[in-house]
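# A closer look at the structure
Listed below are the residues making up each chain.
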Amino acid sequence: IFIRYNKKTKLHVELRAELLDKEMVDLLYKAKANFVEIGLQSINKKTLRLINRTFNQGSFKKIILLLNKKKIPYQLQLIDGLPGDNYKTLKESLDWLFMLKPVSVRIMRLMLLLGTYLRQHAKDFGIKYNPRPQYYTKESNTFSFEDIKKTQVLRAAMAMCYDGGLLRDSLYLINKKLGIKFSDVFEEWDEWMRKEHNEIIRIIKGNSNENGKMIRLMNSIAVRKIANVSIDFVKSLHKKYNEPFMDKKLLKAVQRDRRIFLKNRGIIEEKV
């Protein structure tokens, strides 16, 4: 367990998922923890066995629901490129976690740090990694280079649609109405954006060499454009999955997510 405290971040706690129990939740609640990072890594049984980790899905689910009830801010962290894991099993882990309506989910990049078990057994698992810091994994015998690239896309789409709030609540209605897995929605978003609105992606990527004022302006333009196409994206999903009409409940949810997405970035618009 790692604990940091200062006036800006307040109480920040990092811990392994298997250390999270009701007593720990009570302590975090009493201490008014400002942010909790929960290192889950994977729910794939084979992977957990290979990296010497334990995990009980039933118990973990109860604890996450308790964290939600107590409104303790937290982030669940998976790791890509782990032994025994692949892109498909990583997506399965994601889909299970999103059923719990977590505060935040992040896919971390696997780093083979000096002295760690995975660094010592890298050859056994066929792990290739950058020999320089941050020692990021390039591929393994189960997690290909292409898998790593697809995970990077998935990570960015999750950050926009869920943590970023663009489709945070409506995502669950999309899952229920259209039967699309959460991870598939994120993939659909990236594919649709690249096909229909690649100019927005260019705005986001192309302002890195500009000055601070220009970056803020370009980001504001990109944020508005992204918000404006969110309903079109959901409509495209309906068309692709043979559901001609978006019901009013889902439409309202997408509009509400859109307003919150903009408001969180300092852009206030009148309610439609």
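A few words on the packing of helix H1 (residues 22–30) against helix H3 (residues 57–70). Close contact between H1 and H3 brings their axes to 10 Å; oriented N to C, the two are set at 20 degrees. With respect to their mutual orientation, H1 and H3 come out roughly parallel. Here the hand of the crossing between H1 and H3 comes out right-handed. Between H1, through Lys22, Val25, Asp26 and Tyr29, and H3, the contact on the second element is made entirely by Ile63, Leu66, Leu67 and Lys70. Partitioning the contact of H1 with H3 into residue classes produces five nonpolar, no polar and three charged.

Turning next to the packing of aromatic side chains. Per the stated rule, a full pass over the model turns up 12 aromatic pairs. Ring plane angle 55 degrees and centroid distance 6.5 Å describe the contact between Tyr117 and Phe125, whose orientation is recorded as tilted. Classification of Phe125 as buried rests on a relative accessible area of 11%. Ring centres of Trp189 and Trp192 lie 6.2 Å apart, and the angle between their planes is 35 degrees; this geometry places the pair in the tilted category. On the criterion of helical spacing, the pair formed by Trp189 and Trp192 is a turn pair, its members being three residues apart in helix H8 (residues 182–196). Put simply, the rings of Phe98, Tyr162, Tyr172, Phe182 and Phe186 pair up and form one aromatic cluster. The lysine or arginine in question, Arg119, covers the ring of Tyr135, its NZ or CZ lying 5.0 Å from the ring centre. The ring centre of Tyr162 lies 4.2 Å from the NZ or CZ of Arg168, which sits over that ring.

Rules used throughout
- Residues numbered from 1 in each chain as written.
- Predicted model: local features only at pLDDT ≥ 70, side-chain atom pairs only at ≥ 80, totals over all residues.
- Heavy atoms only, no water.
- Axes fitted to C-alpha atoms, helices over the stretch in contact; angles between N-to-C directions.
- Helix = DSSP H or I, 4+ residues; strand = E, 2+ residues; numbered from the N terminus.
- Parallel < 35°, antiparallel > 145°, perpendicular 65-115°, else oblique.
- Left-handed = near helix turned anticlockwise from the far one by under 90°.
- Contact = heavy atoms within 4.5 Å.
- Nonpolar A, V, L, I, M, F, W, Y, C, P; charged D, E, K, R; others polar.
- Phe/Tyr/Trp six-rings, centres within 6.5 Å; stacked < 30°, edge-to-face > 60°.
- Buried < 20%, exposed > 50% of the residue type's maximum accessible area, 1.4 Å probe, protein only.
- Lys NZ or Arg CZ within 6 Å of the ring centre and 35° of its normal.

Any functional reading would require information that these geometric values do not contain.
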